[in-house]
Amino acid sequence: MSSLAWDRFYESYFGDPYMAWHDGLDSQALLSLDGEELERAEQMLIDALGSSDYRPAAGLATLRSANAADKLKEALPDAPPSAAIRTAHALWQIERYLPAANTLVTILRTAPFWGDRGDAARLLRDVPTPRVIESLWQAVENDPEDLVRTHAASSLLSMYNIHSEIYDMHPLSIAVMSQDKEERDKAIRELKALIEKEGKLKED
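Parameters at a glance
- Residues numbered from 1 in each chain as written.
- Predicted model: local features only at pLDDT ≥ 70, side-chain atom pairs only at ≥ 80, totals over all residues.
- Heavy atoms only, no water.
- Salt bridge = Lys/Arg side-chain N within 4 Å of Asp/Glu carboxyl O.
- Helix = DSSP H or I, 4+ residues; strand = E, 2+ residues; numbered from the N terminus.
- Core = buried A, V, L, I, M, F, W, Y, C linked by side-chain atoms within 4.5 Å.
- Buried < 20%, exposed > 50% of the residue type's maximum accessible area, 1.4 Å probe, protein only.
- Contact = heavy atoms within 4.5 Å.
- Phe/Tyr/Trp six-rings, centres within 6.5 Å; stacked < 30°, edge-to-face > 60°.
- Lys NZ or Arg CZ within 6 Å of the ring centre and 35° of its normal.
- Expected span 1.5 Å × (residues − 1).
- 1 Å grid on protein atoms, 1.4 Å probe; cavity = no way out; pocket = protein on both sides within 12 Å on 5 of 7 lines; lining within 4 Å.
- Points joined across faces, edges and corners; volume = space filled by probe spheres on them.
- Nonpolar A, V, L, I, M, F, W, Y, C, P; charged D, E, K, R; others polar.

S.K.: How would you summarise the pattern of salt bridges if you had to cite specific residues and measurements?
M.R.: If you walk through the whole model with that rule in mind, you get eight salt bridges. As a salt-bridge pair, Arg8 and Asp26 come within 3.0 Å of each other at their nearest N and O atoms. Of this pair, Arg8 sits in helix α1 (residues 4-14) while Asp26 sits in the loop between α2 (17-23) and α3 (27-32), and the two are 18 residues apart along the sequence. Here Asp143 makes a salt bridge to Arg117, at a shortest N to O gap of 2.7 Å. Note that Asp143 is positioned in the loop between α10 (130-142) and α11 (146-159) and Arg117 in helix α9 (residues 114-123), a separation of 26 residues in sequence.

Laid out in structure tokens, this is it:
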């Protein structure tokens, strides 16, 4: 008989995709597994790699699954942007694989679809390297899509351990979405000043 944590894990990672999108993945359930259930869950996630579903790679990232590294590396070069984002993020979480960081930066800088750029910007908060930081600032300053700019700004604030006590998102992350260039430039200046004054970069 399976545990409650197993049932929650299975539904989140292999159940209705809409519910996973709506409620988020149940990473706590996955991390609560142990013994045979944990081994089974890890193998199921590895076996599910290669589909268009982002959830297996996300689960393996949560587990820091060294057993999945080779398969993730094999999949990364030919993966479409939406899959490459999660594959690269998982590889970075597992072993700080530099080509994975480069893949995320390339998607942020060049992907035609703004949704892919936004997802890359959001996940790059876990990759606090100089090249990534530079690329996030470029996105904040130059990306034409407001949602990409806000994700990039939020990632920079997260990297530097600056969080809003009032809003789910920091007000400056919202301000950089402005379509008014003067207002946007003002928000970017304030963002830089805040990070310079109060930021402390997370250790990689």
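S.K.: Got a sec to walk through the nonpolar core? Specific residues and values, please.
M.R.: With 61 residues, the main nonpolar core has Phe9, Leu136 and Val140 as its most contacted residues. With eight residues, the top contributor of residues to this core is helix α7 (residues 81-95). Apart from residues no more than four positions distant in its own chain, Phe9 is found in contact with Phe14, Ala29, Leu30, Leu33, Ala41 and Leu45.

S.K.: Tell me about the packing of aromatic side chains, and name the residues and values.
M.R.: Enumeration over the complete set of coordinates arrives at five aromatic pairs. Ring plane angle 85° and centroid distance 6.0 Å describe the contact between Phe9 and Phe14, whose orientation is recorded as edge-to-face. An aromatic cluster of at least three residues, connected via ring pairs, comprises Trp6, Phe9, Tyr10, Tyr13 and Phe14. One residue, Lys192, lies across the ring of Trp137, its end atom 5.5 Å from the ring centre.

S.K.: Account for α7, naming residues and giving values.
M.R.: Taking 1.5 Å of rise per residue, 15 residues should cover 21 Å, and α7 covers 21 Å from first to last C-alpha, within 8% of that figure. α7 sits mainly inside the fold: twelve of its 15 residues count as buried. Regarding α7, the residues found buried are Ala83, Ala84, Ile85, Arg86, Thr87, Ala88, His89, Ala90, Leu91, Trp92, Gln93 and Ile94. At its buried positions, α7 is contacted by α5 (55-63), α6 (69-75), α8 (98-110) and α9. Following α7 by one or two positions, Arg96 has its phi on the positive side, about 50°.

S.K.: Just give me the short version of the layout of surface pockets, but keep the residues and values in it.
M.R.: The calculated volume of the largest pocket comes to roughly 240 Å³. Contributing to the lining of the largest pocket are 14 residues, with Thr62, Arg86, His89, Leu123 and Asp126 lying nearest its centre. The set of elements that each furnish at least two residues to the lining of the largest pocket consists of α5, α7 and α9. Within the lining of the largest pocket, the residues separate by chemical class into five nonpolar, four polar and five charged.

S.K.: Break down the side chain of Arg117 for me, with residues and values.
M.R.: We classify Arg117 as buried; its relative accessible area is 8%. Not counting the four nearest positions on each side in its chain, Arg117 is found in contact with Ile107, Leu108, Ala111, Pro112, Asp143, Pro144, Glu145 and Val148.

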